[in-house]
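Listed here are the chains, written in short residue letters.
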Amino acid sequence: MRRPRLTYANVVSSIALFIALGGTGYAVTKLPRNSVGNRQLKANAVTSGKIRRGAVQSSDLAPTARSASRGPRGPEGPVGAAGPTGPSETIQVKHPEAVLIPVEAGGTVTLAAVAMPAGSWLFNAQTRIVYAGTGTSEFFDCFLSAGTPERLGEGTLNVGEAPAGDVAGSVPTQIAATFAAPTQVTYVCTHPTAVAGTPRAERTWLIATRVGSLEDR
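Residues numbered from 1 in each chain as written. Predicted model: local features only at pLDDT ≥ 70, side-chain atom pairs only at ≥ 80, totals over all residues. Heavy atoms only, no water.

**Focus: the nonpolar core**
One recurring pattern in soluble globular proteins is that nonpolar side chains are buried together.
Inference 1: Judged by nonpolar contacts, the single largest core of 27 residues is most densely connected at Met116, Phe123, Ile129, Tyr187 and Leu206.
Inference 2: Counting only elements with at least two residues in this core, the list comes to strand S1 (90-95), strand S3 (108-116), strand S4 (119-133), strand S5 (139-145), strand S7 (165-179), strand S8 (183-190) and strand S9 (200-211). (Core = buried A, V, L, I, M, F, W, Y, C linked by side-chain atoms within 4.5 Å. Buried < 20%, exposed > 50% of the residue type's maximum accessible area, 1.4 Å probe, protein only. Helix = DSSP H or I, 4+ residues; strand = E, 2+ residues; numbered from the N terminus.)

**Quick look at the packing of aromatic side chains**
For any two aromatic rings, the description comes down to two numbers: the centre-to-centre distance and the angle of the planes.
Inference 1: Counted by the stated rule, this structure contains 1 aromatic pair.
Inference 2: A ring pair is formed by Phe123 and Phe179, whose centres lie 6.2 Å apart and whose planes are at 65 degrees; its orientation type is edge-to-face. With Phe123 in strand S4 and Phe179 in strand S7, this pair connects stretches of sequence that are 56 residues apart. The same class applies to Phe123 as to Phe179, namely buried. (Phe/Tyr/Trp six-rings, centres within 6.5 Å; stacked < 30°, edge-to-face > 60°.)

**Quick look at the state of the cysteines**
Inference 1: Considering all chains together, one arrives at 1 disulfide under this definition.
Inference 2: Between Cys142 and Cys189 runs a disulfide, and the two sulfur atoms are separated by 1.8 Å. Classification of the bridge connecting Cys142 and Cys189 rests on its S-S torsion, roughly 100 degrees, and on that basis the disulfide is right-handed. Of this pair, Cys142 sits in strand S5 while Cys189 is found in strand S8, placing the two residues 47 residues apart along the sequence. The residues Cys142 and Cys189 share a single accessibility class, namely buried. (Disulfide = S-S within 2.5 Å.)

**Section: the environment of Ala132**
Inference 1: Take Ala132: it is sitting in strand S4.
Inference 2: As for Ala132 and Pro199, which are separated by 67 residues in sequence, their C-alpha atoms are 6.7 Å apart.

**Some points on the pattern of salt bridges**
Inference 1: Evaluated as defined, the whole model comprises 3 salt bridges.
Inference 2: A salt bridge links Glu202 to Arg128, with the shortest nitrogen-to-oxygen separation between them at 2.2 Å. Taken together, the residues Glu202 in strand S9 and Arg128 in strand S4 connect sequence positions 74 residues apart.
Inference 3: A residue is classified by how much of its surface remains accessible, and Glu202, at 12% relative accessible area, is buried.
Inference 4: Put simply, Arg200 and Glu202 hold a salt bridge, and the shortest N to O gap is 3.7 Å.
Inference 5: Residue classification places Arg200 among the partly exposed positions, given a relative accessible area of 25%.
Inference 6: Overlapping salt bridges, with partners in common, bring together Arg128, Arg200 and Glu202 in one network. (Salt bridge = Lys/Arg side-chain N within 4 Å of Asp/Glu carboxyl O.)

**Observations concerning the pairing of S5**
Inference 1: Summarising burial for S5: 6 of the 7 residues are buried, a large majority.
Inference 2: When S5 meets S8, the two strands line up antiparallel, connected through 5 bridges. Bridging across to S8, Ser145 finds its partner in Thr186. (Pairing = 2+ DSSP bridges.)

**Topic: unusual backbone geometry**
Inference 1: The backbone phi angle of Arg203 is positive, close to 50 degrees, even though this residue is not glycine.
Inference 2: Inspection of the secondary structure assignment puts Arg203 in strand S9.

Below is the structure:
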C-alpha cells in the first residue's frame, strides 16, 4: 500500500485548519469585560452552584423572598426592670378643732404649719370662718406664708353686713411654689380692722403635693 505523499498543499491546509479552530476557541474562552449582560443570559442559566458563597445579600432579594425567608417569631423576652418613681409626694395637715382669732385690728392666728422639703409643690388649703355678725362689713384674709412678708397665696372672706348671730364661710387658698431649700410654710388668717364677737377658724386643712416642675406663663 502506498503512503500518502506530504505535499505543500497538505501542510498549508492543515495549518489553516488549526488556526481556524484555535481562533474559535479563543473567542469562546476570552470574552471582553462586561460583554455579558441580562440579554446574553438564558433563562435559568445562573444556578446555585454558579453563585459564590456569601455573595448574595438580603438587599439583593425581592421583598416577597425576604419575608418568606424570615423565621418564626421567637418567645417574648422578660419584662424589664421598673423605672424610678416619679416626683410625687403628698403632705396633709388637718386641724378640725376651732381656733379663736384675736378681735383687735390686725389680729392674726396660725392655723397650720408644715416643714416642706426642697422642690416644687402645689398647695391647697381651706378653713371655715365663723363670726358673730354685728351688722358691719368685715373681711378675713387667709393665706400661705414662707416666713417672708410676701404671701404665697391668699383667699378672702367678706362676711358682709351680717345681722346678729353666727355667720360662717369657707376660705379656699391655692398656690404653687418652688423651694431651693427646706422651708417652713404656715397657713395664717387675719383681719384688718377690729371686730366684735368671737371669730374663729375651724375645719382647717392643708394639702401639699410635690410636682416635677413649675412653669410661669
